[in-house]
Amino acid sequence: MDVEALLERLVAWPTVSDQPVTGIAAELAERLEAVGMRVERLDAPEPGKCNLVCSAGPAGTDGIVLSGHMDVVPVVGQPWTSDPFRLTRRGDRLVGRGACDMKAFLAAIVAALTRTPPKDLRRELVLVFTHDEEVGCLGSRSLADRFSAEGRSLPSLALIGEPTSFRMLRMHPGHVAARITCAGVAAHSSKPDLGRNAIRLAANVLDALDALADRWRQDVRFADLLERPFVVMNVATIHGGSAVNIVPDRCVIDVGFRPLPGMAPEALFEELRAAVEPLGAVQAELVRVTPAMLTPSGTPLEDLLRPWASAPDTAAASFATDGGNFERLGMRTLVFGPGSIDVAHKADEYVPTDELHRAVDVVDEVVARRCRIG
Ligand SMILES: [Zn+2]
């Protein structure tokens, strides 16, 4: 099947992160089994969620991992001008949810391996398709947990085909989600002195977070790679109070911040806790950690990709990927793929048609050079 038809099939699975991925995983598994790959489905505890690991060539030889996530971000409330789950051709673009982020790369892998089946490989080719990347890289985290526990290893080089307009990206900050709960004492609003206002307390918390963000901004690292070479913080949501005539007894703040490679996310969270908990009845809790990624420059994968790259040097991504979890397995990852992150997650997301076709050639050549020759 041609890569455009494949992409059309993959986009038709509405794999928004609150939906199952087992359908798209079954289709990918079937197509890859048909070209002779060994397919392993790793089911998550939650129903409808799984990772897919497919391999070809002699196990344990250090070939390459090609990886992508199967989930997509929601479309609700976005001004789409066509059905997001029906791939639509518009001029030199293919429009649909996940068109670039990142079903284009999944389609390119399947198309390349259908064109040149992975037979008689000298080194192992492994495909890793994950679930729930868009909601905190949950699939790759459970894969890394499982493989470390079982002492299983994967090839030391990985390519994640996120949309980078074929720029080679070798690092990105991580992400930490934290929740801060401010407790007050409810009272009738006519007697506010009898209560304690949780929203007032939250205002003090926000000031303390601002001061912490300022302090973090002073710790500059990776200035050669990052536009914002420090830990950035975002106060994302705030919920407090229930009625205009009640002194609020609870206010909850969700905060996100982005640790740089080499920083301990838990230690940063402890700094945050120390900044807010002394303010009163305040409790901070660590919700989720997505690890940062840092691949040294000059990996063999960089040399393989350079002829296809839109710039000869490597750069950083501002967004997090499954690569942070792959690093826990000792893998050195580059993020490189068709389409632009600027149109991902938006209405009328698209991949340029020529970039989709080029991605097939990239996969073909990377597999040939890394796994067939030498
Ligand atoms: Zn993505």
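Residues numbered from 1 in each chain as written. Predicted model: local features only at pLDDT ≥ 70, side-chain atom pairs only at ≥ 80, totals over all residues.

## Remarks on the overall build of the protein chain
Phase 1: Across its full length, the protein chain carries nine helices and 18 strands.
Phase 2: Since a compact globule built from 374 residues should have a radius of gyration of about 21 Å, the 23 Å found for the protein chain is in line with a globular shape.
Phase 3: Dimensions of the protein chain along its principal axes, counting C-alpha atoms only, are 80 × 40 × 40 Å.
Phase 4: Among the 374 residues that make up the protein chain, the fraction classed as buried is 47%. (Helix = DSSP H or I, 4+ residues; strand = E, 2+ residues; numbered from the N terminus. Rg over C-alpha atoms; globule rule 2.2 N^0.38 Å. Buried ≥ 20, exposed ≤ 12 C-beta atoms within 10 Å, placed from the backbone.)

## Focus: unusual backbone geometry
Phase 1: The step from Asp-101 to Met-102 runs through a cis peptide bond, and the omega angle for that step is -10°.
Phase 2: If you trace the backbone, Met-102 turns up in the loop between strand E5 (93–95) and helix H3 (103–115).
Phase 3: Phi at Ser-165 takes a positive value of approximately 50°, unusual for a residue other than glycine.
Phase 4: As for its placement among the helices and strands, Ser-165 is situated in the loop between strand E7 (157–160) and strand E8 (168–172).

## Re the sheet that holds strand E13 (residues 250–258)
Phase 1: If you trace the four strands from one edge of the open sheet to the other, you get E11-E13-E9-E14, paired in antiparallel fashion. Two strands lie at the open edges of the sheet, namely strand E11 (232–240) and strand E14 (282–290), each paired on one side alone. Looking at each pair of strands side by side, their axes are set apart by 20° on average, direction ignored.
Phase 2: With respect to the sheet, helix H5 (residues 198–218) is in contact with strand E9 (175–183), E11, E13 and E14, its orientation differing from that of E11 by roughly 175°. (Pairing = 2+ DSSP bridges. Axes fitted to C-alpha atoms, helices over the stretch in contact; angles between N-to-C directions. Contact = placed C-beta atoms within 7 Å.)

## Some words on the pairing of strand E17 (residues 332–335)
Phase 1: Burial along E17 is two-sided: the residues Arg-332 and Leu-334 and Thr-333 and Val-335 are all buried.
Phase 2: In this structure, E7 lies alongside E17, joined through four bridges in parallel fashion. When the bridges of E17 are listed, Ala-158 appears paired with Thr-333.

## Structural notes on the pairing of E13
Phase 1: Where E9 meets E13, eight bridges bridge the pair, whose relative direction is antiparallel. In the sheet register, Ala-183 faces E13, and the bridge partner there is Arg-250.
Phase 2: Alignment of E11 against E13, held across eight bridges, turns out to be antiparallel. Bridge assignment links Val-235 to a residue of E13, and that residue is Val-255.

## As for helix H1 (residues 3–11)
Phase 1: Inspection of H1 places Val-3, Leu-6, Leu-7, Glu-8, Leu-10 and Val-11 among the buried residues, and these make up the whole buried set.
Phase 2: At its buried positions, H1 is contacted by helix H2 (22–34), E5, H3 and helix H9 (353–372).

## Some remarks on the domain arrangement of the protein chain
By a widespread convention, an interface's size corresponds to the accessible area lost as its parts come together.
Phase 1: Taken as a whole, the protein chain is organised into domain 1 (3–172 + 293–372) and domain 2 (175–290).
Phase 2: When each unit is reduced to the centre of its C-alpha atoms, the spacing between domain 1 and domain 2 is 34 Å.
Phase 3: On the domain 2 side, the residues contacting the nine residues of domain 1 number seven residues.
Phase 4: Residue classes in the side of domain 1 that touches domain 2 are distributed as seven nonpolar, two polar and no charged. (Domains from an automatic or database assignment. Nonpolar A, V, L, I, M, F, W, Y, C, P; charged D, E, K, R; others polar.)

## A look at the packing of H1 against H9
Phase 1: Remark: H1 packs on H9, axes separated minimally by 10 Å, with the N-to-C direction vectors making an angle of 105°. By the angle between their axes, H1 is roughly perpendicular relative to H9. Across from Val-3, Glu-4 and Leu-7 in H1, the residues of H9 making contact are Leu-356, His-357 and Val-360.
Phase 2: When its residues are assigned to classes, the contact of H1 with H9 shows four nonpolar, one polar and one charged. (Parallel < 35°, antiparallel > 145°, perpendicular 65-115°, else oblique.)

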